[in-house]
Amino acid sequence: MSTPIARPSRLAAVFERCKQEGRSALVGYLTAGDPDVTTSEALLLALAEQSDILEIGMPFSDPMADGPVIQAASERALEAGTHIADVFALTKTVRDAHPDLGIVLMGYANVPYAMGFELFSQRAKTAGADGVLIVDIPAEEGHICDASLKQYGLDRIMLLSPTSTDERIKLACACASGFIYYVSLNGITGADMGDMQGIQDKVKHIKCISNDLPVCVGFGVKTPVQATQVAAFSDGVVVGSHFVGHIPQADNKADICAALSASAASMRKAVGAIA
Amino acid sequence: MYNLDITHAPDEGGHFGKFGGRFAAETLMQPLKDIEEAFYEAWADEGFHAERLDLLKNYVGRATPLYHAKQLTAAVGGAQIYLKREDLTHTGAHKINNTIGQGLLARRMGKKRVIAETGAGQHGVATATVAAMFGMQCDIYMGREDMARQMPNVLRMRLLGANVIPVDSGTATLKDAVNEALRNWVATCEDTFYIFGTAAGPHPYPLLVRQFHTVIGQEARAQCLDQAGRLPDVAVACVGGGSNAMGLLHPFRDDASVRLVAVEAAGYGLESGQLAASLAKGKAGILHGNLTFLLEDDEGQVQGTHSISAGLDYPGVGPELAYMFEQGRLELDACTDDDALEALQLLTRKEGIIPALESSHAIAAGARIAKSMAADKIVLINLSGRGDKDMNTVFKHLGWVEDAS
Ligand SMILES: Cc1ncc(COP(=O)(O)O)c(C=O)c1O
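The following refers to the structure shown. (Residues numbered from 1 in each chain as written. Chains lettered and ligands numbered in written order. Predicted model: local features only at pLDDT ≥ 70, side-chain atom pairs only at ≥ 80, totals over all residues. Heavy atoms only, no water.)

## Side note on the overall build of chain A
For clarity, the cut-off: Think of it this way: any DSSP run of H or I at least four residues long counts as a helix, any run of E at least two long counts as a strand, and we number them from the N terminus. We compute the radius of gyration over the C-alpha atoms and compare it with the globule rule, which gives 2.2 Å times the number of residues raised to the power 0.38. Three exposure classes are used, based on accessible area relative to the maximum for each residue type with a 1.4 Å probe and protein chains only: buried under 20%, partly exposed in between, and exposed over 50%. Contact definition: two residues touch when any of their heavy atoms are within 4.5 Å.
Check the secondary structure of chain A and you find twelve helices and nine strands. In terms of overall dimensions, chain A is globule-like: its C-alpha atoms have a radius of gyration of 17 Å, near the 19 Å expected for 275 residues. Along the first, second and third principal axes, the C-alpha set of chain A runs to 45 × 45 × 35 Å. With 275 residues in all, chain A has 57% of them scored as buried. When contacts within chain A are restricted to residue pairs at least 6 apart in sequence, those whose partners lie at least 24 apart make up 72%.

The following block contains the structure:
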């Protein structure tokens, strides 16, 4: 194993830039290959225009933590014949167009596990990803992926939730890099946002423990007003189901692209607004 | 009568070798830890076992008989066949051993609502039964395809006061019911206990379910010694996720002379691609919170399965069985839909016992094994459940009724 070259990660640079601009980051999510690979390329590029960080979902047959909107996205992508090679190719296309964008590959353990974490990490890095977020690999099971991610200089984004105790927060922070993704509610993606004060308190608490690691907040952010509220106390606002929801609304690429761009632009504006 | 020692325990993280573990979303990690703690605390509490064993005896009807199936033995020709009669438990399948245990845990933890997934509907019925007895709200997730083929159990659950929620996502069978139950639990874990139905899922479920079912093997072992004066030579159980198999086989693990056989569903045939034999045909992967053998494609997408029996129609298998298989302690066997239908009829005609289609897989394989052995040998088969729920499917295959599903 070669020693990784110590350079500040691109994700760290993204948060630094946002901080200097006095705003929170917009983290946009789409599932790769949804509704098909060609359309997905246009959509990812459109969302990348407005986002500071792009989360690219790797479609999976059994998305256990996702609500109906993102489940359907995974189903459409797989139905359209999206392979993991397409996910990497789409990532590379976005990377080539946006050298400063943060890119995180998000998904479930079995897809990288089937490929082998070492090969997966190598291909993710080559495609231009900065980090990886695997929903069903908590800190305790990091033994199956941590060494490979580290070897290829990929950040491991960790999730925290309202049920995370201080002990769990410490555990997650100890193996996280890039940022912490705080799941604002006990629930699946696309659910309704909980009480904003409660979320703010928990984020504040996590930041006390996280040792300067940025904390992004997601799950349930659907309106620019919510985005502005969340931006006020977090380093980044994750918007997923709201963006994915545009895809089944139209049946041609141009219309979906237009709707997504408009929606992303208003979210981008919202995270920079003062609450 | 029962040995309450926990032997062959997983490591602290719930791993059996490389298998098992707790591959869960963050939101569920603490609730799972809470259940683990509650389980260990309860297991060390005499009062817990007193109540549990009293219910197993006076409510479930344990000990279930060990029956020397002489007519079946004669028809097959070969080793003596003994049947562990889990079909005679209250609600008609082994599943209730586990739901009594987890139901008591749920009550101990102050939970007001329980949820469960179900395939054949036996675990759903057993959960709804315990919920009725304990006065808990109960929601059961069931694939729409399984609801159609196990309609009697759907109606029983409703009669028991449970809400049966149809699952249309994915393949609309057991794996998707687990997904939906997990999605609900993520949002409700504060007041809800997930009564998991098989020896799979994230730690501590494989351990918990195994411990609640070891009564099967412990009784069978003592009964066999009592009736035959010796241990069986082979112990056979069907495998969906592995609860009846772990229950029967675990207490024989340290008896080196006893062969342990797990029977998987070969569907239309082991080479047909339409099957549910994860140990025989799968590879290591991660699903529903644990690392185990999975039926999946080259890129880790979990595949749809097929079995005539809804309870075996699952692309994974309990992690401890995966481990025992890898260690060479577990032998594999498999039966097709046709084998199972034939065994169901054979047992029915020879012994007047109508087995569940799941259990019929164990009967078919067990009979095959017995046939290859001498008459002074003993084959012990777990008759995990009764066949009432499967009558529509069976009549349809026999051509006695129009397509019933
Ligand atoms: C009678 C019976 N046997 C066996 C099974 C398979 O489950 P397991 O492998 O957990 O015993 C089921 C599941 O529904 C069942 O109802």
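Having put the structure on the table, let's press on.
## What to know about the packing of aromatic side chains
All names here are of chain B. Keep this limit in mind: Geometry of aromatic contacts follows a simple scheme: Phe, Tyr and Trp rings, the Trp one being its six-membered ring, pair when their centres are within 6.5 Å, and the pair is stacked under 30 degrees between planes, edge-to-face over 60, tilted otherwise.
Here the structure, examined in full by the defined rule, presents 17 aromatic pairs over all chains. Residues Tyr194 and Phe196 carry aromatic rings whose centres are separated by 5.4 Å and whose planes lie at 65° to one another, so their mutual orientation is edge-to-face. For the pair Tyr194 and Phe196, one class covers both residues: buried. Ring pairs connect the aromatic residues Phe39, Tyr40, Trp43, Phe48 and Phe212, which therefore count as one cluster.

## What about the state of the cysteines?
Applicable threshold: Two cysteine sulfurs form what is called a disulfide whenever their separation falls within 2.5 Å.
Inspection of every chain in the model, using the stated rule, returns zero disulfides over all chains. As a non-bridged cysteine, A:Cys175 has A:Cys145 as the owner of its nearest cysteine sulfur, 8.2 Å distant. No disulfide involves B:Cys224; its sulfur sits 19 Å from the nearest other cysteine sulfur, which is in B:Cys238. For B:Cys224, a relative accessible area of 0% corresponds to the buried category.

## Here we look at helix H13 (residues 337-351) of chain B
Helical geometry note: an α-helix holds 3.6 residues per turn, so side chains three or four residues apart project in the same direction. Residues and elements named next belong to chain B. Formally: A helix is expected to span 1.5 Å for every residue after the first. When we speak of the arc, we mean the arc of directions from the helix axis to the C-beta atoms.
For H13, built from 15 residues, the straight-helix expectation of 21 Å at 1.5 Å per residue is met to within 8% by its first-to-last C-alpha distance of 21 Å. What H13 keeps buried is the set Asp337, Ala340, Leu341, Ala343, Leu344, Leu347 and Glu351. Seen from one end, H13 has its buried residues packed into an arc of 165°, which puts them on one side. Summarising the geometry of H13, the exposed residues directed more than 90 degrees from the buried face are Asp338, Glu342 and Arg349. Immediately downstream of H13, the backbone of Gly352 shows phi near 70°, a positive value.

## So, the site of the ligand
All names here are of chain B. For clarity, the cut-off: Near is defined per residue: the residue qualifies when any heavy atom it owns lies within 4 Å of the molecule or strand. In the analysis that follows, any N or O atom pair within 3.5 Å is treated as a polar contact, provided that within protein one partner can donate a hydrogen and the other can accept it, and provided that, for residues neighboring in sequence, both atoms belong to side chains. Only the protein chains shown count as cover for residues, and all accessible areas are computed by the Shrake-Rupley method using a 1.4 Å probe. When residues are sorted by character, Ala, Val, Leu, Ile, Met, Phe, Trp, Tyr, Cys and Pro go into the nonpolar class, Asp, Glu, Lys and Arg into the charged class, and all the rest, Gly among them, into the polar class.
The immediate surroundings of the ligand are formed by 20 residues, with Thr198, Gly240, Gly242, Ser243 and Ser384 found nearest. The separation between an oxygen atom of the ligand and a polar side-chain atom of His94 is 3.1 Å. Contacts to the ligand include Ser384, whose side-chain N or O atom sits 2.6 Å from a nitrogen atom. For the ligand, whose unbound accessible area comes to 390 Å², protein coverage reaches 97%. For the shell around the ligand, the elements supplying multiple residues, two or more each, are helix H10 (243-249) and helix H14 (357-371). The class makeup of the residues in the shell around the ligand is six nonpolar, twelve polar and two charged.

## What about the interface of chain B and chain A?
Quick note on the threshold: In this description, buried area is defined as the sum, over both parts, of the accessible area (probe of 1.4 Å) that is lost when the two are combined. Throughout this description, the term salt bridge denotes a Lys or Arg side-chain nitrogen within 4 Å of a carboxyl oxygen of Asp or Glu.
In this assembly, 39 residues from chain B lie in contact with 35 residues from chain A. Summed over both sides, the interface between chain B and chain A buries roughly 2,900 Å², with carbon and sulfur atoms accounting for 51% of that surface. At the boundary of chain B with chain A, the tally comes to three salt bridges. A salt bridge links A:Asp62 to B:Lys175, with the nearest nitrogen and oxygen atoms 2.8 Å apart. Linking chain B with chain A are 19 residue pairs in polar contact (both at pLDDT 80 or more), by the criterion used here. The element contributing the most residues to the side of chain B that touches chain A is helix H8 (residues 174-188) of chain B, with eight residues. Looking at the side of chain B that touches chain A residue by residue, the classes come out as 15 nonpolar, twelve polar and twelve charged.

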